[in-house]
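Architecture and fold: a report
Next come the chains, spelled out residue by residue.
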Amino acid sequence: MSTAIALFTSDLRIHDQPVLRAALDAADRVVPLFVLDDGVLGSRFCAPNRAAFLADCLEDLDASLRARGGRLVVRRGDPVDTAVRLAAETGATAVHLAAGVSGHAQRREDRLRRALGDLLHIHDAVVTVVAAGAVTPAGRDHFAVFTPYLRRWEQQPRRDPAPTPRRVPVPDGVQGERMAEVRALLASAAAGDPSPALPRGGETEGRRRREAWLGAPLDAYQDRHDDLAGDATSRLSPYLHFGCLSPTELVRDAEAAPGPGAAAFVRQLAWRDFHHQVLAARPAAARLDYRPRGDRWAADEQELAAWREGRTGYPVVDAGMRQLAHEGWMHNRARLLTASFLVKTLYGDWRAGAAHFLRLLVDGDLANNQLNWQWVAGTGTDTRPNRVLNPLVQARRFDPRGDYVRRWVPELASVEGPAVHRPWRLDPQRRAELDYPEPLVDLEEGTRRFRQGRGLS
DNA sequence: ATGGAGTTACC
DNA sequence: GTAACTCCA
């Protein structure tokens, strides 16, 4: 009787799960293992929203495995030590793992390889459609420009989705935490309570939302995905981040849908792969400027706090920040405009903004988050560093009636129409009644502030 | 405003 | 010939 370990990370699903599939194909019995990483649990990365979502994912995965005669083994500790110890304990002759792109994932992979040698099997294209590094430009290790990347990405042959296992035979007597204990551990390790309107995690919920999204016509996506109040986005990002959904399956099924909306949606999924291949090649870009531009970031702590709490005095910015706090999620257009406000208007360091997003976003993904922030900050792969998103222009374009603001900024709920975007123009008595902050900076009087640090000798 | 055309640089 | 860069939007 041979045994293999399927080490789950950001691939918490049983459908199109190459890691689990390979373990099952290669051995008689499989230990599906998830390690609550002490290094993550005890750090600032243990964000309440993702910890709660993760508990849902693990519970759902355990239930799916139990329905197939198995279960999920969850242990707390160092993932490498835990996997090595479990391999010795069960006599496992193989450990299967999905390739990761972050520095943390790469170090974990390296340590596992040193400890396990040939026993370790790394699987590509589990968390992305095209594996990081699978396509590269001549003479470089990664693409720095999206359009040529997309061309190659589209031509790349797709992996066939792995068949869903019917039976998962798990050896008897393998110790693991009970699911109630897992949830309690995650809740106590998290620094604070989850957002009130956090979505439910797990593959089952993810697939339900996937079917709903693909079942409705995708036509409108191209025209409406930027509309803040319309909220016509898939909201599948948390499920993709935790691997509850296979991006390969999602792209295949979206491509089967007709029309330009489907292509626009697939394009967004390609951006995900693009950022993953950048981070895999430059893991330090999670912290350091991809292209250092000599910026001198200037926002003070009070301005930063006002931004975090959604009281900058710019209603569309504050609406985004409050949606983030309430749902653990923000409309992508709002992410761009709130990020631009911090970085380009207040001159706040993108790292501070990215850290706040990572604390709250339930889909908070190192590659997408840090590299999108760098894109906005002008330090990323983009070669146009001086792009500024004016919140008033963004508001007019993407929340023309002001509905998004009224939904998320209750102080302004009584202000009708697009006037809600400029509360400073209301008469003074009305403004006093609203109890809404004065704008942190004036963007209407031609006093546009330019970023500092550029062009200085 | 997560672009396009034209140019440069390097395979 | 391809990807990155520059300028122009």
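1. Considering the protein's contact with DNA strand C
Around DNA strand C, a shell composed of Pro 137, Arg 140, Phe 143, Ala 144, Val 145, Pro 148, Arg 151, Arg 152, Arg 291, Thr 383 and Arg 384 is seen. Close to the protein, within 4 Å, the atoms of DNA strand C belong to sugar or phosphate groups at a rate of 81%. Between DNA strand C and Ala 144, the relevant distance is 3.2 Å, taken from a phosphate oxygen to a main-chain nitrogen or oxygen of the residue. At 3.4 Å, a backbone N or O of Val 145 approaches a phosphate oxygen of DNA strand C. Along the lines of polarity and charge, the residues of the surface near DNA strand C split into 5 nonpolar, 1 polar and 5 charged.

2. Comments concerning the confidence of the model for chain A
On average, residues of chain A score 93 in pLDDT, and 97% of them reach the 70 mark or higher. Considering only residues more than four positions removed or in separate chains, one finds that residues 446–457, a stretch of pLDDT under 50, has 26 contacts.

3. Considering the pattern of salt bridges
In this structure the tally under the stated criterion is 33 salt bridges. The salt bridge involving Arg 207 is made with Glu 249; its shortest N-O contact spans 3.2 Å. Residue Arg 207 is found in helix H8 (residues 203–215), and its partner Glu 249 is found in helix H11 (residues 247–256); the two are separated by 42 residues along the sequence. Here Arg 207 and Glu 249 have matching classes, each one buried. Residue Arg 335 is joined to Asp 363 by a salt bridge in which the shortest nitrogen-to-oxygen separation is 2.8 Å. Placement of the pair is Arg 335 in helix H15 (residues 332–345) and Asp 363 in the loop between helix H16 (350–360) and helix H17 (366–377), with a sequence separation of 28 residues.

4. A short note on the packing of aromatic side chains
Per the counting criterion, the structure on display carries 15 aromatic pairs. Ring plane angle 85° and centroid distance 5.5 Å describe the contact between Trp 271 and Phe 274, whose orientation is recorded as edge-to-face. In this pair, Trp 271 and Phe 274 are both assigned in helix H12 (residues 260–281), 3 residues apart and thus about one turn of the helix distant. With a relative accessible area of 0%, Phe 274 lands in the buried category. Three or more aromatic residues joined by ring pairs make a cluster, and in this case those are Phe 143, Phe 146, Tyr 149, Trp 271 and Phe 274. The residue whose ring lies beneath Arg 158 is Trp 153, and the NZ or CZ to ring-centre distance is 5.0 Å. The ring of Trp 329 has Arg 235 lying over it, and the distance from NZ or CZ to the ring centre is 4.0 Å.

5. Description of the protein's contact with DNA strand B
Every residue near DNA strand B is listed here: Arg 267, Gln 268, Trp 271, Arg 333, Asn 372, Trp 375, Arg 384, Arg 387 and Arg 397. Sugar plus phosphate: this is where 39% of the atoms of DNA strand B within 4 Å of the protein reside. The contact in question runs from a phosphate oxygen of DNA strand B to an N or O atom on the side chain of Arg 267, over 3.0 Å. With respect to DNA strand B, the side chain of Trp 271 contributes an N or O atom lying 3.2 Å from a base oxygen. Going through the elements one at a time, H12 and H17 are the ones with two or more residues in the surface near DNA strand B. Sorting elements by how many residues they give to the surface near DNA strand B places H12 first, with 3 residues. Looking at the surface near DNA strand B, its residues break down into 2 nonpolar, 2 polar and 5 charged.

About the thresholds
- Residues numbered from 1 in each chain as written.
- Chains lettered and ligands numbered in written order.
- Predicted model: local features only at pLDDT ≥ 70, side-chain atom pairs only at ≥ 80, totals over all residues.
- Heavy atoms only, no water.
- Near = heavy atom within 4 Å.
- Polar contact = N/O pair within 3.5 Å; in protein donor to acceptor, adjacent residues only side chain to side chain.
- Nonpolar A, V, L, I, M, F, W, Y, C, P; charged D, E, K, R; others polar.
- pLDDT = per-residue confidence, 0-100.
- Contact = heavy atoms within 4.5 Å.
- Salt bridge = Lys/Arg side-chain N within 4 Å of Asp/Glu carboxyl O.
- Helix = DSSP H or I, 4+ residues; strand = E, 2+ residues; numbered from the N terminus.
- Buried < 20%, exposed > 50% of the residue type's maximum accessible area, 1.4 Å probe, protein only.
- Phe/Tyr/Trp six-rings, centres within 6.5 Å; stacked < 30°, edge-to-face > 60°.
- Lys NZ or Arg CZ within 6 Å of the ring centre and 35° of its normal.

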